[in-house]
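# Survey of secondary and tertiary structure
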Amino acid sequence: MIDGVTGLICKERNSITAIIQDSDSGLSGKKVYLDLSSVGLGDHITPFSCLQSGSSWSCKWEVFSVSDSFQDGATIPVGISNPSQDDAGNFFAYGGSLVYDGEEPKVGSYSIVAS
């Protein structure tokens, strides 16, 4: 859960976007690191992009897969790790978690309608 929102992570095609407020120096140096060590992907993953919109920066990590060894509903810690820093060298970190969704959708019924 990050800021009261339950995010989901699955086996394939995951992406994570972090919205970071920095109205001064910014994050154009992309020294923002995602910690995905809990899924075996390392703790200093650099973003694909960091784009500014006003005083907010949208940093995006895409597309990655995780092990299917997690049980459906497992809580997986993720976060922005040290030594993340803005362009002025101010360090920051942020912790959160995602829920693993490993269960296939089930079709209860369907119908075919001729048109």
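## Remarks on the nonpolar core
- Counting residues in each nonpolar core, the largest one holds 20 residues, and the members touching the most others are I9, I16, V32, L36, C59 and W61.
- Setting aside residues no more than four positions away along its own chain, V32 makes contact with I20, L27, I45, T46, P47, C50, C59, W61, I80, S84 and F92.

## Some details on the state of the cysteines
- Enumeration according to the criterion identifies one disulfide in this entry.
- For C50, the disulfide goes to C59, at an S-S distance of 2.1 Å. Judged by the sign of its S-S torsion, about 115°, the bond between C50 and C59 is right-handed.
- Accessibility expressed as a relative area gives 11% for C50, which makes it buried.

## Notes on the packing of aromatic side chains
- This model, assessed by the stated rule, comprises one aromatic pair.
- On the numbers, 5.6 Å between centres and 45° between planes, the contact of F70 with Y100 is tilted. With F70 in the loop between β5 (56-64) and β6 (75-81) and Y100 in strand β7 (residues 94-100), this pair connects stretches of sequence that are 30 residues apart.
- Take F70: its relative accessible area is 23%, and that puts it in the partly exposed class.

## Overview of the sheet that holds strand β4 (residues 49-53)
- A sheet is described by the order of its strands in space; here three strands give the open sequence β2-β5-β4, paired in antiparallel fashion. Across the chains shown, the open sheet's two edge strands, defined by having one partner strand only, are β2 (14-21) and β4. On average, each strand axis in the sheet is inclined to that of its neighbour by 20°, with strand direction left out of account.
- Relative to β5, β2 runs antiparallel, the two being bridged by eight bridges. Paired with T17 across the two strands is K60, which belongs to β5.

## Some points on a nonpolar patch on the surface
- The grouping of V107, Y110 and I112 at the surface amounts to a nonpolar patch, some 450 Å² of accessible area in total.
- Looking at the secondary structure, you find V107 in the segment after β7.
- V107 sits in the exposed class, given a relative accessible area of 68%.

## Remarks on the sheet that holds β6
- Read from one edge to the other, the open sheet built from four strands follows the order β1-β7-β6-β3, with strand pairing classed as mixed. Two strands bound the open sheet, and with one partner strand each, they are β1 (7-9) and β3 (33-35). Taking the axes of each pair of neighbouring strands and ignoring which way they run, one obtains an average angle of 40° across the sheet.
- Relative to β6, β3 runs antiparallel, the two being bridged by three bridges.

Definitions and cut-offs
- Residues numbered from 1 in each chain as written.
- Predicted model: local features only at pLDDT ≥ 70, side-chain atom pairs only at ≥ 80, totals over all residues.
- Heavy atoms only, no water.
- Core = buried A, V, L, I, M, F, W, Y, C linked by side-chain atoms within 4.5 Å.
- Buried < 20%, exposed > 50% of the residue type's maximum accessible area, 1.4 Å probe, protein only.
- Contact = heavy atoms within 4.5 Å.
- Disulfide = S-S within 2.5 Å.
- Phe/Tyr/Trp six-rings, centres within 6.5 Å; stacked < 30°, edge-to-face > 60°.
- Helix = DSSP H or I, 4+ residues; strand = E, 2+ residues; numbered from the N terminus.
- Pairing = 2+ DSSP bridges.
- Axes fitted to C-alpha atoms, helices over the stretch in contact; angles between N-to-C directions.
- Patch = residues over 30% accessible without salt bridge, like charges linked within 9 Å, V, L, I, M, F, W, Y side chains within 5 Å.
- Areas by Shrake-Rupley, 256 points an atom, 1.4 Å probe, with all protein chains shown as cover.
- Salt bridge = Lys/Arg side-chain N within 4 Å of Asp/Glu carboxyl O.

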